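# What the coordinates show
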Amino acid sequence: MVHRALLAALAILGASTISLAQQPELSVTEIAPGLFVHHGVTELMTRQNDGAIANVGFIIGDNAVAVVDTGGSVREGRQLLAAIRARTAKPIRYVINTHGHPDHVFGNAAFSNDGITFVGHRNLPRALATHGPFYIDAFRRTMGDELIDEVRLVPPTLLVDGSLKLDLGSRSLALRAWPAAHSDNDLTVLDEKTGTLFAGDLVFLDHTPVLDGNLHGWLSAIGELSAVPALRVVPGHGPVSGWPAGLADERRYLETLASDIRALIGRGEQIRAAADTAAATERSHWQLFDDFNARNATAAFSEIEWE
Amino acid sequence: MFGLHFRLLCVAGVLSGITGATLVQAAGPDAYDPWPLLAQDIFENRPMNDGAGVIAIEMPYRAEDAAIVPVTLRTLLPLDDSRRVLRITLVIDQNPAPMAAKFELGPEARVSEISTRVRVNNYTDVHAVAELSDGKLYMTKTYVKASGGCSAPAAKNADEAKNRLGQMRYRQFAKPGQGPVSGFREAQIMIGHPNNSGLQMDQVTQLYIPAFFVNELRLWQDDSLVLAVEGGISISEDPNIRFTYVSNGAKRFRAEAKDTEGHLFQHEWKIDDSGI
């Protein structure tokens, strides 16, 4: 009996040692000196893709590393950590979450240790508290128990209200918290050294934009974002692009959505008609259109009705 | 009576939120059918008749946005039927507070269609139960798949939700062909209110944020009741009700809403007769 228990314990120990040693690295590209990005696949989060659908990345300064978003599962987070460790031994000082959606924060637990400060919009703790448990339930269906059981909602302890600079050693990151737009807790990160803007989901390319905040606020934010002195953008989803050219598709989609919905409301149509018809002309420009457009139209309708 | 049922269900929801809503939902949408117990609790085990030809419910098969799922209730009784619909109860079986709303139809208003928006937390049956003047209950149901993605049945923009508190809007819609009877009207009432579920924990205090929602709404044309609604946390933020009725020639439309903190919101509008 003792013998069997010991064997079992050894087996578990062995398995966990192997899994740590063989932790695969997330594939990353150095898009600017010392700045690495993993390009998420343009899909919904599933068991098969480990939830790795968002762009995540890290920035290496002279003294420390900052991580921008941790991915859609703790497994992805661990693989991101392995990718960092393969490139630098410098300490990870900050994990910055661009907002509270699951594909950006479900990997946080992979970085939970004493030396790391989690950074987010001042509204992010509230968003995680009010939305997080629903995300965990909802994604259990598509991602399964194995990936979801280890997810922990790790709220930020360093909150950004307005703007904040972080120093990684001869490398300054300018963080900016935005009024409600894509969500009500959007944060952008500008690496001033290379002119690279991590826009989080304030910027979508290819992947249909997702409205979970305020459409009017998002269009206003796009106006202000275009003035950010960056050379390139890492969008929350889609390819790294020139700046501010990378905003054009999203702006056109959101403006079309808003004007279609205004017309529907003006004609006295019901909210369901909006889900069926608004922004239909945009269909061919985007992936996952049927997964998100009707939802955007529903949310936009209930906002624009109050104008 | 409704209030008591609602509170009981609401407390049950809060408890499951504390002890493991995740576990309950992880068991899968088909593992447990709450309807028999809900029917017992809400309708006191009264017999349910088939609602075909009496009451219809329409919802999208998939909830696109978990916080805003449109629902339309329609009465199907022919104009010459001697019975009338007294009230319609809307039950979202798998929600933390399943009793979403109870609509009492004004005795002379001939309301035939009611649309509103609800929160849907999970894959769920949604029941509509009509009580007719013959004293019998008639039930129909539909099934809704919860939304996927980063959609949650909670506020998208929590600050804005508070800013609109108590604002009321009334809108009357032109209806081509004037509907089945003369004086047919279609109107909409919107109330700015967070309609907060109270099922979320405050990160700082570790206490549950108290529920804060519109629990009563009454609508009149002059002094004749058109519709009275008892609602709960399953009704979406900024409660929005669109309905048909038959005008009694009134010149004013009045609305009165109460919430769980005792606020009273009142408004009245002149009815626009021009071409509507």
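Each residue is numbered by its place in its chain's sequence as written, counting from 1. Whichever chain is written first is A, and whichever ligand is written first is 1; the rest continue in order. Owing to the predicted nature of the model, reporting of local features is limited to residues with pLDDT of at least 70; listing and counting of side-chain atom pairs is limited to 80 or more, with chain, interface and lining totals taken over all residues. Hydrogens and water molecules were not included; the side-chain quantities draw on all heavy atoms of the structure.

## Regarding the nonpolar core
Going by this rule: Residue types Ala, Val, Leu, Ile, Met, Phe, Trp, Tyr and Cys, when buried and joined through side-chain atoms within 4.5 Å, form a set referred to as a nonpolar core. We call a residue buried when its accessible area falls under 20% of the maximum for its residue type, exposed when it is over 50%, and partly exposed in between, using a 1.4 Å probe and counting protein chains only. Put simply, DSSP H or I for four residues or longer makes a helix, DSSP E for two residues or longer makes a strand, and each gets a number counted from the N terminus. Here, residues are in contact when the closest pair of their heavy atoms is within 4.5 Å.
Grouped together as the largest cluster of nonpolar side chains are 81 residues, with contacts concentrated most on Phe 106, Phe 111, Leu 197, Trp 243, Leu 257 and Ile 261 of chain A. Top contributing element to this core by residue count: helix α4 (residues 124–148) of chain A, with 10 residues. The residues contacting Phe 111 of chain A, other than those within four sequence positions of it, are Val 67, Thr 70, Gly 77, Leu 80, Leu 81, Ile 84, Ile 92, Val 95, Ile 116 and Phe 118 of chain A. Within the second largest apolar cluster, 50 residues are counted, among which are Leu 73, Ile 88, Tyr 138 and Ala 250 of chain B.

## Points about the sheet that holds strand β6 (residues 113–118) of chain B
Residue and element names in this part refer to chain B. Put simply, the rule is: Two strands form a pair only when DSSP identifies at least two bridges running between them. Note on geometry: axes are lines fitted to C-alpha atoms, helical ones only across the stretch in contact, with angles between N-to-C directions running from 0 to 180 degrees.
In space, the six strands of this open sheet follow the order β2-β3-β6-β13-β10-β9, with antiparallel pairing throughout. Edge positions in the sheet fall to β2 (55–58) and β9 (168–173), since each has one partner strand and no second. Going from strand to strand, the sheet's axes swing by 15° on average, the running direction of each strand aside. With four bridges joining them, β2 and strand β3 (residues 69–75) adopt antiparallel strand pairing. Opposite Ile 55, over in β3, you have Thr 75 as the bridge partner.

## What about the pairing of strand β5 (residues 92–96) of chain A?
Residue and element names in this part refer to chain A. Along β5, four of the five residues are buried, which leaves the element largely enclosed by surrounding structure. The pairing of strand β4 (residues 65–68) with β5 spans four bridges and is parallel. Across the sheet, the residue bridging to Val 67 is Val 95, located in β5. Strand direction decides the pairing type here: β5 and strand β6 (residues 117–121), joined by three bridges, are parallel. Each residue of the ladder has a partner; that of Val 95, found in β6, is Phe 118.

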